[in-house]
Amino acid sequence: MNIIHIPAQSAHLQPVISSIPGDKSISHRSVIFGSLADGSSTFKNVLFSEDCVNTIRIFQALGVTIHTDPDAQEMTINGVGLHGLKSPAETLDVGNSGTGIRLISGVLAGQSFATEITGDHSIQKRPMKRIVDPLSQMGATLTGSGTTDTYPPLKIQGKTPLDAIHYHSPVASAQVKSAVLLAGLYANGPVTVTEPSQSRDHTERMMKAYGVSIDGTTMQPPQKLTPPSTEPLWIPSDFSSAAFFIVLALLVPNTDLTLTGIGLNPTRATLIDILKEMGGNITVTPTKNNTLEPYGDIRIKTSRLHNITVPENVIPFIIDEIPILAVAGLFATGTLVVRGAKELRVKESDRIHGIIDLAMSIGGNIVELEDGFDLTGVRRPLDFSLHSKGDHRLAMSGIIAALAGKVDATILDCECINTSFPNFLEILREQEIVVGLDETR
Ligand code: S3P
């Protein structure tokens, strides 16, 4: 188990960070669309974290040739076409990735062969009924374990073609929407997904880029997917990873930090609006248009923050940033009110519980609710120790909280950071932050 030790220190941040890695959601989708296209696609600024590497391995196991160069953060995929995947020899393993298992299941539902897909301990506890229901309604057969929900391993017997569907998802989830839309590539008629409130739209954008006729969330099954360009496609850097440094920069005195090349898709970057409303001095400079998704530079200056009530309708747009938003809330005046965020209970860990743990251990006041929390700032931050529960975003939030509070912290079970942000510690060290790492215990 990796243990990270952050000694009490006063950080002084350098003015620029240009090494936030590529977007995780877009990297997964790049592998999927590149694999199913007619022709080859080259991507740059690919995230080679454990989650995305597992998705690459899965498509290799399904017979796709993918050349990777992790040092250059590049990959070239020789697409096999919509109907070119081969039956894999083994069970497919997504590791820790909910996006991996749900999106790939959508693709597998439309194949003529049977597959089995699973992942690590955390994945085996994550609810899959949310994709099993619509994919079964489209004609595929998916079975897993469990009585109240369905848990991996999932056995999937595909059907060709799948039936057209208008599916209303009970949860606002890009993973559910994407599973159904990807299955829609193999449907015999139009596929529409509606949801209680809009979730991130990377799949819809990727479908457009690969020539699928899609209007909002209604798509027409295409004859084929066509790569948008023979030129390399640029994946913006991950806003969710950048968020840790946005909050750190707001909280560390005398900071004026610019993060370059960060994804600015409005369904992902809403944390900026929330932090600005809390008094954050943040300026965004969009770069020129990009084939895949918009990106630009984010400049952050130290700010005095005051807490707010987060509007419930933006929760899906900040769902991955709520742990680090809570860290900002710990060092702000007033009460941070978060509601309508029950989905946090079924992420890589129960993140509401993790936020409560973190807030209490550093000396904050927090009230736990089923779908959120009320958090009031910490007066005198305490040295603390925190178990990440194998959740990358909680581990990184704990580290940022320690640095903002200038306290000594020990964070247990930190290997998980590699699932999304492999160079996180390297960036901290480039910022001359002292980080102890014990890999032996
Ligand atoms: C993701 C969707 C979100 C998000 C996850 C990535 C995606 O999950 O939390 O980190 O790439 O589609 P849900 O769809 O469960 O909200």
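As the structure is a prediction and not an experimental result, all values here were calculated from the model.

How should I be thinking about the overall build of the protein chain in this particular structure?
For the protein chain, the count of helices and strands is 13 helices and 23 strands. Over its C-alpha atoms the protein chain spans a radius of gyration of 21 Å, differing by no more than 12% from the 22 Å that the globule rule assigns to 441 residues. Oriented by its inertia axes, the alpha-carbon framework of the protein chain measures out at about 60 × 50 × 45 Å. In the protein chain, 76% of the contacts between residues at least 6 apart in sequence involve partners at least 24 apart.

Before we go on, may I ask you to explain the pattern of salt bridges in this structure?
Close approach of charged atoms lets side chains of opposite charge pair. Scanning the entire structure with this criterion turns up 24 salt bridges. Put simply, Lys 24 and Asp 51 hold a salt bridge, and the shortest N to O gap is 3.5 Å. Of this pair, Lys 24 sits in helix α1 (residues 24-36) while Asp 51 sits in helix α2 (residues 50-61), and the two are 27 residues apart along the sequence. Look at Lys 24 and you get buried, because its relative accessible area is 8%. Its relative accessible area of 1% is what places Asp 51 among the buried residues. Of the charged contacts, one joins Glu 293 and Arg 205 as a salt bridge, the two residues approaching to 4.0 Å between their closest N and O atoms.

Help me out: how do you make sense of the packing of helix α5 (residues 174-184) against helix α6 (residues 202-209) in this one?
A pair of packed helices can be characterised by two numbers: the angle between their axes and the separation between those axes. Running from amino to carboxyl end, α5 crosses α6 at an angle of 30°, the nearest separation of the two axes being 9 Å. In terms of axis orientation, α5 runs roughly parallel to α6. The segment α5 lies against α6, with Lys 177, Ser 178, Leu 181 and Leu 182 engaging Thr 203, Glu 204 and Met 207. Looking at side-chain class alone, the contact of α5 with α6 contains 3 nonpolar, 2 polar and 2 charged residues.

Teacher, can you tell me more about the side chain of Asn 2 here?
Summarising the element assignment, Asn 2 is placed in the segment before β1 (3-6). Accessibility expressed as a relative area gives 12% for Asn 2, which makes it buried. Once residues lying within four places of it in the same chain are set aside, the contact partners of Asn 2 are Ile 411, Leu 412, Asp 413, Cys 414, Glu 415, Leu 437, Asp 438 and Glu 439.

I tried to follow the pairing of strand β17 (residues 295-301) on my own but got confused; where do I start?
Looking along a regular strand, one sees side chains alternate from face to face of the sheet. When strand β15 (residues 256-263) meets β17, the two strands line up antiparallel, connected through 6 bridges. Within β17, the position partnered with Leu 259 by the bridge is Ile 298. In terms of strand pairing, strand β16 (residues 281-286) meets β17 through 6 bridges, oriented antiparallel. In the sheet register, Thr 283 faces β17, and the bridge partner there is Arg 299.

Where do I start with the environment of Ser 303 in this structure?
Positionally, Ser 303 belongs in the loop between β17 and α9 (315-318). Judged by relative accessible area, which is 14%, Ser 303 ranks as buried. Each C-alpha atom, one on Ser 303 and one on Leu 85, is 52 Å from the other, the two residues being 218 residues apart in sequence. For Ser 303, the residues in contact, after removing those within four places along its chain, are Leu 250, Gly 279, Gly 280 and Asn 281. A polar side-chain atom of Ser 303 sits 2.8 Å from the main-chain carbonyl oxygen of Lys 301.

It is not clear to me how the domain arrangement of the protein chain should be interpreted in this structure. Could you clarify?
Think of interface size as the accessible area that goes away when the parts come together; that is how it is often given. The domains assigned to the protein chain are domain 1 (3-21 + 236-440) and domain 2 (24-233). Domain 1 and domain 2 are separated by 28 Å when their C-alpha centres are compared. Counting residues at the interface gives 27 residues for domain 1, matched by 28 residues for domain 2. Between domain 1 and domain 2 the total buried area reaches about 2400 Å² when both faces are included, carbon and sulfur atoms providing 51% of it. The largest share of the area that domain 1 buries against domain 2 comes from Leu 292, Glu 348 and Thr 419, three residues that together contribute 25% of it. Seen at the junction of domain 1 and domain 2, the total is 4 salt bridges.

How should the sheet that holds β16 be read in this particular structure?
The strands making up a sheet associate through backbone hydrogen bonding, with each pair oriented either parallel or antiparallel. A sheet is described by the order of its strands in space; here 4 strands give the open sequence β2-β15-β17-β16, paired in mixed fashion. The open sheet has two edge strands with one neighbour each: β2 (16-17) and β16. Contacting β2, β15, β16 and β17, helix α7 (residues 239-251) crosses the sheet at an angle of about 170° to β15.

Explanation requested: the packing of aromatic side chains in the structure shown.
Two aromatic rings, taken as a pair, are described by how far apart their centres are and by the angle between their planes. One pass over the structure, following the stated rule, counts 5 aromatic pairs. Each member of the aromatic cluster is reached from another via a ring pair, and the members are Phe 244, Phe 245, Phe 421 and Phe 424.

Explain the nonpolar core to me, please; I cannot follow it from the model alone.
Nonpolar side chains in soluble globular proteins generally cluster together in the buried interior. Grouped together as the largest cluster of nonpolar side chains are 84 residues, with contacts concentrated most on Phe 245, Leu 275, Ile 322, Phe 373, Ile 399 and Phe 424. Look past the residues within four positions of Phe 245 in its chain and what remains in contact with it is Ile 17, Ile 20, Leu 257, Leu 259, Phe 421, Phe 424, Ile 427 and Leu 428. Listed in part, the 65 residues of the second largest apolar core include Ile 26, Phe 113, Leu 135 and Tyr 167.

For this particular structure, what's the right way to read the site of the ligand?
Around the ligand, the neighbouring residues are Ser 25, Arg 29, Thr 99, Ser 173, Ala 174, Gln 175, Arg 200, Ile 319, Asp 320 and Lys 347. Note that an oxygen atom of the ligand is positioned 3.0 Å from one of the backbone N or O atoms of Ala 174. Interatomic distance of 2.6 Å between a side-chain N/O atom of Asp 320 and an oxygen atom of the ligand. Broken down by secondary-structure element, the contributors of at least two residues to the shell around the ligand are α1 and α5.

What counts and what doesn't
Residues numbered from 1 in each chain as written. Predicted model: local features only at pLDDT ≥ 70, side-chain atom pairs only at ≥ 80, totals over all residues. Heavy atoms only, no water. Helix = DSSP H or I, 4+ residues; strand = E, 2+ residues; numbered from the N terminus. Rg over C-alpha atoms; globule rule 2.2 N^0.38 Å. Contact = heavy atoms within 4.5 Å. Salt bridge = Lys/Arg side-chain N within 4 Å of Asp/Glu carboxyl O. Buried < 20%, exposed > 50% of the residue type's maximum accessible area, 1.4 Å probe, protein only. Axes fitted to C-alpha atoms, helices over the stretch in contact; angles between N-to-C directions. Parallel < 35°, antiparallel > 145°, perpendicular 65-115°, else oblique. Nonpolar A, V, L, I, M, F, W, Y, C, P; charged D, E, K, R; others polar. Pairing = 2+ DSSP bridges. Polar contact = N/O pair within 3.5 Å; in protein donor to acceptor, adjacent residues only side chain to side chain. Domains from an automatic or database assignment. Buried area = accessible area lost by both parts, 1.4 Å probe. Phe/Tyr/Trp six-rings, centres within 6.5 Å; stacked < 30°, edge-to-face > 60°. Core = buried A, V, L, I, M, F, W, Y, C linked by side-chain atoms within 4.5 Å. Near = heavy atom within 4 Å.

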